[in-house]
Amino acid sequence: MNPIPALRLQALKDLLGPGGFLESAADRAPFEVDFRGIHRGRTPLVALPQSTAQVSDFVRHCASQRIAIVPQGGNTGYCGGATPRAGNDEIVLSLRRMTRIRAVDAASNSLTADAGCLLATLQDAAATAGRLLPMSLGSEGSCTLGGIISTNAGGTAVLRYGMMRELVLGLEVVLPDGRVLDQLTALRKDNTGYDVKQLFIGAEGTLGVVTAACVKLFTRPASTATAMVALASPAAALALLDGLRDSLGDAVTTFELIPRIALEFVCRHVPGSRDPLAAAHPWYVLLEVTQPQADSGLAGQFESALAGAIDSGRASDAVIASSDAQRDALWRLRESIPEAQRQQGPGLKHDISVEPSRLPQFIEEGREVLARLAPGARLVAYGHLGDGNLHFNLSPAGGAQDTALVANGATISRAVHDLVARYRGSISAEHGIGQLKVAELERYEDPVALALMRSIKQALDPLGIMNPGKVLRPGP
Ligand code: 2HG
Ligand code: ZN
């Protein structure tokens, strides 16, 4: 596409009205770079519509002028899916002025809100109504409803409540031609033909702009127990999870694997962090169980389950949080891993999944691959063990100045992803494709699935104006 002529830009500004756009270089700058600072692009204008009708008018106008649009939520994504490309010919459409909570219906266990609402705001609104919105992730203070739907976000409670897709009841979407798809209901059952709203969940804004959604709420847990458990191996962690499910059923909400090296990085780089156990152990799990009943005896059951695991040798040691402050401290250790890795220096990330039962073997094989290709690099394999999803990340041994990993990144990542493919796993379990993994998707996705994706894109966005170059390579 060519740069957008001034007259056409003026028409867009007129459509958006005063306060409806940002134009100066300083105002545009934060919208032109992704959260990790890896993807940088340019946009002549950031559109800030205030209503679905305005988004619809705006998109219809852009379609008539063949102007490309890049929908953007909280801009916390990891794959550059919300960052414009370099040509200065794509308009960023930010939903951040669309922040109305439309309804909280405790009886239907549902919440309906504009796409620009922050996740944390919606969690609070659900809590005020005595309900739980269970989506929980590190960026919850800045990610938005539209963003987490468009990326089908995961996080730390997927084990119990599922990914974003499982939490969406209804959607409102502006299609690439400006039409509004209105499926914004709280219906739990609706088998009327194809479930078309599913197309937009995880589509990273390539098929339309999510403008509002209705999500599921749950009973708030009245009892919570949290522990950091030390273990000999990932296999021991899986066995522990198995045992806990036998004794506590689906009370197990969070089961996050943490290697020793991650804990060391956090203690080294994040002020106020300290090892919660006296001795060092090769692996840990941050474990949380919750129950809706206040007097469920959960704490006692939890303690005896962990004591049993230690007695039988399945776990090595454990610390159970005895106050909210201790619980927060344990959670902070887990949530600080990305920041600690960032401070450790330029590394590589792999957001992989395999069948949970095969993860221990995958970690071992992956370690061997890395020992050959990146000797000395630190493997920080952590994350959502119960979901089979690990962040199979690498940090440099030599700290911030050590750029060897990044220099060999393509070869190393290719080898890790080839291994994932041998396990029939996923090369992007929860962070999406964006612009970062377009070629990887082409390489590893089932060709039939890829062809279907292209057909869907062509059917919904024949002009190719909706977030071009993300997920799929632009058509001819
Ligand atoms: C997490 O689980 C996030 O903490 C970030 O998905 C993962 O930084 C990462 O690699
Ligand atoms: Zn994660």
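Everything discussed here concerns the structure shown above.
Residues numbered from 1 in each chain as written. Chains lettered and ligands numbered in written order. Predicted model: local features only at pLDDT ≥ 70, side-chain atom pairs only at ≥ 80, totals over all residues. Heavy atoms only, no water.

## What to know about the overall build of the chain
Within the chain, the secondary structure is distributed over 17 helices and 18 strands. For the chain, the C-alpha radius of gyration of 23 Å lies close to 23 Å, the compact-globule estimate for 476 residues. When the backbone C-alpha atoms are referred to their principal axes, the chain occupies close to 75 × 55 × 45 Å. Within the span of the chain, comprising 476 residues, buried residues form 52% of the whole. (Helix = DSSP H or I, 4+ residues; strand = E, 2+ residues; numbered from the N terminus. Rg over C-alpha atoms; globule rule 2.2 N^0.38 Å. Buried < 20%, exposed > 50% of the residue type's maximum accessible area, 1.4 Å probe, protein only.)

## Some thoughts on the coordination of the zinc ion (ligand 2)
Those protein atoms acting as donors to the zinc ion (ligand 2) are H384 (NE2), H391 (NE2) and E430 (OE), and they sit at 1.9 to 2.2 Å. Mapping the donors of the zinc ion (ligand 2) onto the primary sequence gives the spacing H-x6-H-x38-E. (Donors = N, O, S within 2.8 Å, 3.2 Å for Na, K, Ca; no water.)

## Overview of the layout of surface pockets
Each pocket or cavity is described by its volume, and for the second largest pocket that value is around 900 Å³. Put simply, the parts of the chain that give the lining of the second largest pocket at least two residues each are α15 (409-422), α16 (438-444) and α17 (447-460). It is α17 that provides the largest number of residues to the lining of the second largest pocket, a total of three residues. Partitioning the lining of the second largest pocket into residue classes produces 16 nonpolar, 10 polar and eight charged. (1 Å grid on protein atoms, 1.4 Å probe; cavity = no way out; pocket = protein on both sides within 12 Å on 5 of 7 lines; lining within 4 Å. Points joined across faces, edges and corners; volume = space filled by probe spheres on them. Nonpolar A, V, L, I, M, F, W, Y, C, P; charged D, E, K, R; others polar.)

## Examining the packing of aromatic side chains
Applying the stated criterion across every chain, the model contains four aromatic pairs. Taking NZ or CZ as reference, R36 lies 4.9 Å from the ring centre of Y78, over its face. (Phe/Tyr/Trp six-rings, centres within 6.5 Å; stacked < 30°, edge-to-face > 60°. Lys NZ or Arg CZ within 6 Å of the ring centre and 35° of its normal.)

## A closer look at the sheet that holds strand β9 (residues 180-183)
Strand order in the open sheet formed by five strands is β5-β6-β10-β8-β9, with antiparallel pairing between adjacent strands. Sheet topology places β5 (101-105) and β9 at the edges, where each strand pairs with a single neighbour. Mean inter-strand twist for the sheet, computed between neighbouring axes without regard to direction, equals 10°. Pairing of strand β8 (residues 168-174) with β9, which is carried by four bridges, proceeds in the antiparallel orientation. Bridge pairing in β9 links V174 to V180. Sitting on the sheet, helix α3 (residues 52-65) is in contact with β5, β8, β9 and β10 (209-216), with an inclination near 45° to β8. (Pairing = 2+ DSSP bridges. Axes fitted to C-alpha atoms, helices over the stretch in contact; angles between N-to-C directions. Contact = heavy atoms within 4.5 Å.)

## Some thoughts on the site of ligand 1
Lining the immediate surroundings of ligand 1 are Y78, R334, P338, K349, Y382, H384, H391, N393, E430 and H431. H391 places a polar side-chain atom, nitrogen or oxygen, 3.0 Å from an oxygen atom of ligand 1. Considered on its own, ligand 1 offers 290 Å² of accessible surface; in the complex 89% of this is hidden by protein. Its residues assigned to classes, the shell around ligand 1 shows three nonpolar, four polar and three charged. (Near = heavy atom within 4 Å. Polar contact = N/O pair within 3.5 Å; in protein donor to acceptor, adjacent residues only side chain to side chain. Areas by Shrake-Rupley, 256 points an atom, 1.4 Å probe, with all protein chains shown as cover.)

## Quick notes on the packing of helix α13 (residues 359-373) against α15
Angle between the axes and distance between the axes: these two values describe a pair of packed helices. For the pair α13 and α15, interaxial distance at closest approach is 10 Å and the crossing angle is 155°. One element, α13, and the other, α15, form an angle in the roughly antiparallel class. The two elements α13 and α15 meet at a crossing, and its hand is right-handed. Listed contacts from α15 to F362, E365, G366, V369, L370 and L373 of α13 are T411, I412, A415, V416, L419 and V420. For the contact of α13 with α15, the per-class residue count stands at nine nonpolar, two polar and one charged. (Parallel < 35°, antiparallel > 145°, perpendicular 65-115°, else oblique. Left-handed = near helix turned anticlockwise from the far one by under 90°.)

## Focus: helix α1 (residues 6-16)
Residues that lie three or four places apart on an α-helix share one face, since the helix turns once every 3.6 residues. Here α1 has its buried residues at L9, L12, K13 and L16. Down the axis of α1, the smallest arc covering the buried residues is 100°, so these residues share one side. Of the exposed residues in α1, the ones pointing more than 90 degrees away from its buried face are L7 and D14. Elements that come into contact with the buried residues of α1 comprise β1 (21-22), β2 (46-47), α3 and β4 (90-94). Positive backbone phi, at 80°, marks G17, one or two positions downstream of α1. (Arc of directions from axis to C-beta.)

## Focus on the sheet that holds β1
Spatially, four strands are ordered β1-β2-β4-β3 in an open sheet, and the strand pairing comes out mixed. Of all the strands in the sheet, the pair left with one neighbour each is β1 and β3 (68-72). Both β1 and β2 contribute to a ladder of two bridges, which runs antiparallel. Note on β2: the bridge partner recorded for L22 is V46. Contacts between α3 and the sheet are confined to β2, β3 and β4, with β4 contributing the most and set at about 170° to the helix.

## A word on helix α11 (residues 324-335)
For α11, with 12 residues, the first-to-last C-alpha span of 16 Å sits near the 16 Å given by 1.5 Å per residue. Taken together, the buried positions of α11 are L330, W331, L333 and R334. Down the axis of α11, the sector holding all buried residues measures 150°, keeping them to one side. Relative to its buried face, α11 has exposed residues pointing more than 90 degrees away, namely D324 and A325. (Expected span 1.5 Å × (residues − 1).)

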